[in-house]
Amino acid sequence: MKAAVLTKPWEIEIRELPVPEVGENEVLVKVMAVGVCGSDVHYYEHGRIGRFVVEKPIILGHECSGVVVATGERVSRVKVGDRVAVEPGVPCGTCDYCKQGRYNLCPDVSFLATPPVDGAFVQYIKHREDFLYPIPDHLSFEEAALIEPFSVGIHAARRAGLTPGSTVAIMGMGPVGLMAVVAARAFGASTIIATDLVPKRLAAAEKLGATHTVHILERQPEEAIREITGGEGVDVAFETAGHPKALQSALASVRRGGKLSIVGLPPQDLIELNVPLIADRELDIFGVFRYANVYPQAIRFLSSGLADVRELVTDRYPLEGTRDALERARTQKEKSVKVFVYPNGLPE
């Protein structure tokens with residue numbers, strides 16, 4: 001099979017590798033669509049994200065879907081021919097975090113495209129059966145791959161206890177932020193305010209269900225949010241941009257007694273925050289790391305026709321164009337929303 005391998009920062013090689021052999025509880029998946037994530041771009045550029053360091057050639061890509069082509073002898077949840085969404089993180093299942101249902105915190109999780117684990121810019125992957133989810137026929141492979149960033153938004157909404165009728169601000173309309181708009185809509189938010197500096201992404205947010213958009217180069221987001229909410233601020237803010245100013249704006253936009261979910265990861269570890277404001281307003285702040293127990297609900301939401309997320313896909317590349325796809329995602333943020341790679345050929 002062919003694989004796009006990151007050999008060192010900025011360099012992708014197309015290599016021939018053996019097709020994986022599945023174990024008794026594993027499944028071989030023919031990879032049909034893979035979304036390019038910001039983490040893929042970061043590994044491509046810098047060779048590391050925080051404590052995760054690329055020390056040997058690695059295959060990137062973790063937002064994926066495909067078709068089951070072989071199963072281990074003990075597999076019972078899926079069968080050959082099933083179209084599936086792939087939850088990329090497989091935890092140990094035995095640690096305290098796994099037993100508590102918070103398996104996203106498992107210290108021994110094996111997560112696609114997180115060093116040293118290879119990812120999905122490859123024609124076939126093997127994966128444990130309990131982290132594969134059959135999808136209905138009307139759901140495209142692109143939509144199934146977008147379930148991964150959508151799950152982040154759902155997890156952020158759950159962490160913050162988002163309830164019907166809530167007011168929400170989402171800072172940053174990258175793919176995760178845009179899918180967080182869909183999540184807020186799914187949870188019944190009555191007001192969804194999206195902020196960004198790229199008009200194309202703000203327009204996409206409106207199509208997905210944002211009730212208001214704020215162009216941050218034209219207006220201070222916290223001022224606009226206060227005006228939209230009658231001076232109160234929002235019940236819940238999501239910071240999805242991974243930018244210090246966006247985090248500070250999100251914090252300032254939350255009403256007294258409100259909540260903030262931190263989704264984006266800034267390039268630096270330490271950021272100044274207004275601690276007296278946090279204490280005076282008695283704000284709840286939630287860290288968000290990936291997700292847990294979300295995929296089935298995410299599939300139900302997208303299968304219902306809640307939002308047409310297919311419009312997010314702006315660029316399509318074959319496996320041989322993986323480096324071009326990463327460059328497109330890295331350099332064309334004003335033109336591209338979501339870039340996809342198709343390891344087994346472009347869709348017709």
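Residues numbered from 1 in each chain as written. Predicted model: local features only at pLDDT ≥ 70, side-chain atom pairs only at ≥ 80, totals over all residues. Heavy atoms only, no water.

**Student:** Describe in detail the packing of aromatic side chains, supporting the description with residues and values.
**Tutor:** As enumerated under the stated definition, the model contains seven aromatic pairs in all. A connected cluster of aromatic rings, assembled from ring pairs, spans Tyr133, Tyr291 and Tyr295. The ring of Tyr133 carries the charged tip of Arg77 above its face, separated from the ring centre by 5.7 Å. The ring of Phe141 carries the charged tip of Arg83 above its face, separated from the ring centre by 4.6 Å. (Phe/Tyr/Trp six-rings, centres within 6.5 Å; stacked < 30°, edge-to-face > 60°. Lys NZ or Arg CZ within 6 Å of the ring centre and 35° of its normal.)

**Student:** Describe the pattern of salt bridges, with residues and values.
**Tutor:** With the rule as written, the count across this model stands at 17 salt bridges. In this structure, Lys338 and Glu63 form a salt bridge, with 2.6 Å as the shortest nitrogen-oxygen distance. In this pair, Lys338 sits in strand β20 (residues 338–342) while Glu63 sits in strand β7 (residues 63–71), placing the two residues 275 residues apart along the sequence. Both residues of the pair, Lys338 and Glu63, count as buried. Across the pair Lys79 and Asp82 runs a salt bridge, and its minimum N-O distance is 3.0 Å. Judged by relative accessible area, Lys79 falls into the exposed class, the value being 54%. (Salt bridge = Lys/Arg side-chain N within 4 Å of Asp/Glu carboxyl O. Helix = DSSP H or I, 4+ residues; strand = E, 2+ residues; numbered from the N terminus. Buried < 20%, exposed > 50% of the residue type's maximum accessible area, 1.4 Å probe, protein only.)

**Student:** Can you break down the side chain of Thr191 residue by residue, with the values?
**Tutor:** Examined against the element boundaries, Thr191 turns out to sit in strand β14 (residues 191–196). With relative accessibility at 15%, the residue Thr191 sits in the buried group. Every residue in contact with Thr191, bar those within four places of it in the chain, is listed here: Ser166, Thr167, Val168, Thr211, His212 and Ile228. (Contact = heavy atoms within 4.5 Å.)

**Student:** Requested: an account of empty space enclosed by the protein, with residues and values cited.
**Tutor:** Applying the stated criterion across every chain, the model contains one cavity of 30 Å³ or more. Volume-wise, the largest cavity comes out at about 60 Å³. In terms of lining, the largest cavity is formed by Glu87, Gly89, Val90, Tyr103, Asn104, Val109, Phe111, Arg290 and Tyr291. Here the residues of the lining of the largest cavity are counted per class, giving five nonpolar, two polar and two charged. (1 Å grid on protein atoms, 1.4 Å probe; cavity = no way out; pocket = protein on both sides within 12 Å on 5 of 7 lines; lining within 4 Å. Points joined across faces, edges and corners; volume = space filled by probe spheres on them. Nonpolar A, V, L, I, M, F, W, Y, C, P; charged D, E, K, R; others polar.)

**Student:** Residue-level account of the layout of surface pockets, with values.
**Tutor:** For the second largest pocket, the calculated volume is near 380 Å³. Lining the second largest pocket we find 19 residues, and of these Leu112, Val117, Asp118, Lys126 and His127 sit closest to its centre. Secondary-structure elements contributing two or more residues to the lining of the second largest pocket are β10 (110–111) and β11 (124–128). Sort the elements by how many residues they give to the lining of the second largest pocket and β11 lands first, with five residues.

**Student:** So what's going on with the environment of Arg255? Which residues, and what values?
**Tutor:** For Arg255, the location among the structural elements is in strand β17 (residues 254–262). Setting aside chain neighbours within four positions, we find Arg255 in contact with Glu232, Gly233, Val234, Asp235 and Leu283.

**Student:** Quick one: what's the story with the sheet that holds strand β6 (residues 58–59), residue by residue and with numbers?
**Tutor:** Strand order across the open sheet formed by three strands is β2-β1-β6, with antiparallel pairing between neighbours. The open sheet terminates on both sides in strands that have one partner only, identified here as β2 (11–16) and β6. The pairing of strand β1 (residues 2–8) with β2 spans six bridges and is antiparallel. Residue Ala4 lies in a different strand from β2, and its bridge partner there is Ile14. (Pairing = 2+ DSSP bridges.)

**Student:** Break down the sheet that holds β17 for me, citing the residues and quoting the values.
**Tutor:** Strand-to-strand pairing in sheets goes through backbone hydrogen bonds, with the strands running parallel or antiparallel. If you walk across this open sheet you meet the six strands as β15-β14-β13-β16-β17-β18, and the pairing is parallel. What marks the edges here is a single partner per strand, and that holds for β15 (212–215) and β18 (284–287). In this sheet, neighbouring strand axes are inclined to one another by 15 degrees on average, regardless of whether the strands run parallel or antiparallel. Across five bridges, the pairing between strand β13 (residues 167–171) and β14 is parallel. Within β14, the position partnered with Met171 by the bridge is Thr195. Sheet strands in contact with helix α4 (residues 175–186) are β13, β14 and β16 (234–239), and its direction is about 170 degrees off that of β13. (Axes fitted to C-alpha atoms, helices over the stretch in contact; angles between N-to-C directions.)

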